[in-house]
Amino acid sequence: MKVRIERLSLVDFKCDLLAVNLFEGEKQPTGAIAAADKALKGLISRLIREGSIDGKLGKTTLIHCHAGLAADKLVVVGLGKKDKLDLEAIRTAASAVIKQAREVKARRVASIVHGSGCGCLPPAESAKAVIEGSVLGVYKFAGYAKEKEKPPFEVKELVLLDIDRAKIKPFAAGAKLGLIIAEAENHARDLVNEPSNKMTPGAFAELARRIARINGLKFTSLDPKAAGMAALQAVAKGSDQPPRLVALEYRGNPRSKEKIALVGKGITFDSGGISLKPSKNMDEMKSDMAGAAAVLGTMSLLSDLKPKKNVIGVIPLTENMPSGHATKPGDVVGSLAGYTIEVTNTDAEGRLILADAITYAKKRGATSIIDVATLTGGCITALGDAATGLIGNDQPLIDRIKKMGDHCGQKMWQLPLYDEYKEALKSSLADLKNTSGTGKASPSSGAAFLSKFVGATPWAHLDIAGTAFLEKGRGYLPEGATGVPVRTLIEFLVS
Ligand code: BES
Ligand code: ZN
Ligand code: ZN
């Protein structure tokens, strides 16, 4: 989908579908369209009176061919209550419009920038949110069906319209940013939706190499066994797929010693290993590399956005499989940091591979660490799919990430890292065990395990188990992979 900004009146612009909006509770339309066309204003007012249009967030009403309009069809989208309007509401409204466009097979769509007419939100931010909602809203994983009736309909062009000259520049800047960020998030979705027989550790590593080359990032790909990553190797042992650890480095501020590490869990399939998972929904465990996909998606944008920061993306990649070679419950394994680990449950594999990835990031000079992982089912129990679990050892860092998440429509909720959780990981055989064995507070327990390897480095852990992959789509989020939290990480790095 192409995106364009035009300084033109809504009534004169020729397109297949024109989108305008309405707040909940408004008795008649206001803004450009109402001012430009009296008959149309009358028609929409009547539809409001009759109750066909109510302005509820994301609700759309289609109006066919109106004499006063150059557009073929008009869609009125609800923005919800005016005092509740935020960027997330704009994304939701924009995605409703683009879905309507797909339904009526509109190739060329024009829209006003929601939230900019009322002056409710800054024009660049509003335009960015419209494009994000639209690009994320039309996403669909291509899949492999050979018997598709026809290729799915594609909206070719989205044009943002306004006659106010002063808004054109901020619109263009916001839309450009929104487009590249949303496309990167869609790319992350694709990687996660890809079946695990295609998205193997090796395939992911090759893709990372390509992305690094295109973007001029320094690239490293290691064999974990040769590199002394015994914890990662302990997980990989049961699989026939060779594991990998890849790193992509962006240097936006070569004079600074600061380096932010983004570490993404890359389990391309999590069967649980010898602590085998139940078979129900096990197919969804192809999504256990969603953290890795988000880190790769974020790294792929840095050379375009050029933040003045040094960032290294570290991605440990392996399957977690049961076999005669697999690590067994009760085994004691090593780690890159030198700590010995009693593996009480082979399904708590994410923390094992992250432990070595975090140690590696520190060896590469990381001065702060953000890890992203589909780490625990317990996080889904606690927060559902509404928010990502956020845990760490540095409150200012946590606060900043939470704020960015709220701004980007990717909510985060902090969970504790109490000493009790660290205590519960004491082992009689090794330096620590990978689970407490109690089944309690697994998000915090998992983070407590990681904290041992993080040490004193400022660190935040994002548990995306609930938010990375949805059973059912909503708003601009599709069924399956969501791409969470690419937008938040990007915003965090560029702000
Ligand atoms: N990949 C899973 C967590 C997960 C579950 C992600 C459901 C997405 C949806 C992880 O490796 C895991 O199995 N964790 C265990 C930890 C437990 C053994 C302490 C869990 O949550 O049950
Ligand atoms: Zn697991
Ligand atoms: Zn896992």
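Residues numbered from 1 in each chain as written. Chains lettered and ligands numbered in written order. Predicted model: local features only at pLDDT ≥ 70, side-chain atom pairs only at ≥ 80, totals over all residues. Heavy atoms only, no water.

**Quick word on the coordination of the zinc ion (ligand 3)**
Then step 1. Those protein atoms acting as donors to the zinc ion (ligand 3) are Lys-265 (NZ), Asp-270 (OD), Asp-288 (OD) and Glu-349 (OE), and they sit at 2.0 to 2.4 Å.
Then step 2. Each of the six donor atoms bound to the zinc ion (ligand 3) contributes to angles spanning 78 to 173°, and the resulting shape is octahedral.
Then step 3. Donor residues for the zinc ion (ligand 3) sit on one chain with the sequence pattern K-x4-D-x17-D-x60-E.
Then step 4. A separation of 3.2 Å is found between the zinc ion (ligand 3) and the zinc ion (ligand 2), which share Asp-270 as a coordinating residue. Residue Lys-265 is located in the loop between strand E9 (260-264) and strand E10 (266-270), and its partner Asp-288 is located in the loop between E10 and helix H8 (290-305); the two are separated by 23 residues in the primary sequence. For the pair shown, Lys-265 and Asp-288 are each scored as buried. (Donors = N, O, S within 2.8 Å, 3.2 Å for Na, K, Ca; no water. Tetrahedral: all angles 85-135°; square planar, octahedral: opposite > 155°, others 65-115°. Helix = DSSP H or I, 4+ residues; strand = E, 2+ residues; numbered from the N terminus. Buried < 20%, exposed > 50% of the residue type's maximum accessible area, 1.4 Å probe, protein only.)

**Looking at the pairing of strand E8 (residues 244-251)**
Then step 1. Along E8, six of the eight residues are buried, which leaves the element largely enclosed by surrounding structure.
Then step 2. Judged from the five bridges that link them, strand E7 (residues 218-222) and E8 form a sheet pairing that is antiparallel. In the sheet register, Ser-221 faces E8, and the bridge partner there is Val-246.
Then step 3. Bridging between E8 and strand E11 (residues 310-320) involves eight bridges; their strand directions are antiparallel. Bridge pairing in E11 links Ala-247 to Val-314. (Pairing = 2+ DSSP bridges.)

**What about the layout of surface pockets?**
Then step 1. Estimated volume of the largest pocket: approximately 950 Å³.
Then step 2. Contributing to the lining of the largest pocket are 40 residues, with Lys-277, Thr-376, Gly-377, Gly-378 and Ile-380 lying nearest its centre.
Then step 3. At the level of secondary structure, the elements contributing two or more residues to the lining of the largest pocket comprise helix H9 (350-363), helix H10 (377-383), helix H13 (442-454) and strand E19 (469-470).
Then step 4. Here the lining of the largest pocket takes three residues from H10, the largest share from any one element.
Then step 5. A per-class count over the lining of the largest pocket returns ten nonpolar, 17 polar and 13 charged. (1 Å grid on protein atoms, 1.4 Å probe; cavity = no way out; pocket = protein on both sides within 12 Å on 5 of 7 lines; lining within 4 Å. Points joined across faces, edges and corners; volume = space filled by probe spheres on them. Nonpolar A, V, L, I, M, F, W, Y, C, P; charged D, E, K, R; others polar.)

**Points about the sheet that holds strand E2 (residues 17-22)**
Then step 1. Taken in spatial order, the six strands of this open sheet run E1-E6-E5-E2-E4-E3, and their pairing is mixed. Of all the strands in the sheet, the pair left with one neighbour each is strand E1 (2-6) and strand E3 (60-64). Between one strand axis and the next, the sheet turns through 25° on average, direction left out of account.
Then step 2. Both strand E5 (residues 108-112) and strand E6 (residues 157-161) contribute to a ladder of five bridges, which runs parallel. Within E6, the position partnered with Ile-112 by the bridge is Leu-161.
Then step 3. Lying over the sheet, helix H3 (residues 87-103) contacts E2, E3, strand E4 (73-78), E5 and E6, oriented at roughly 150° with respect to E4.
Then step 4. Across the sheet, helix H4 (residues 123-137) lies against E1 and E6, angled at about 160° from E6, the strand it touches most. (Axes fitted to C-alpha atoms, helices over the stretch in contact; angles between N-to-C directions. Contact = heavy atoms within 4.5 Å.)

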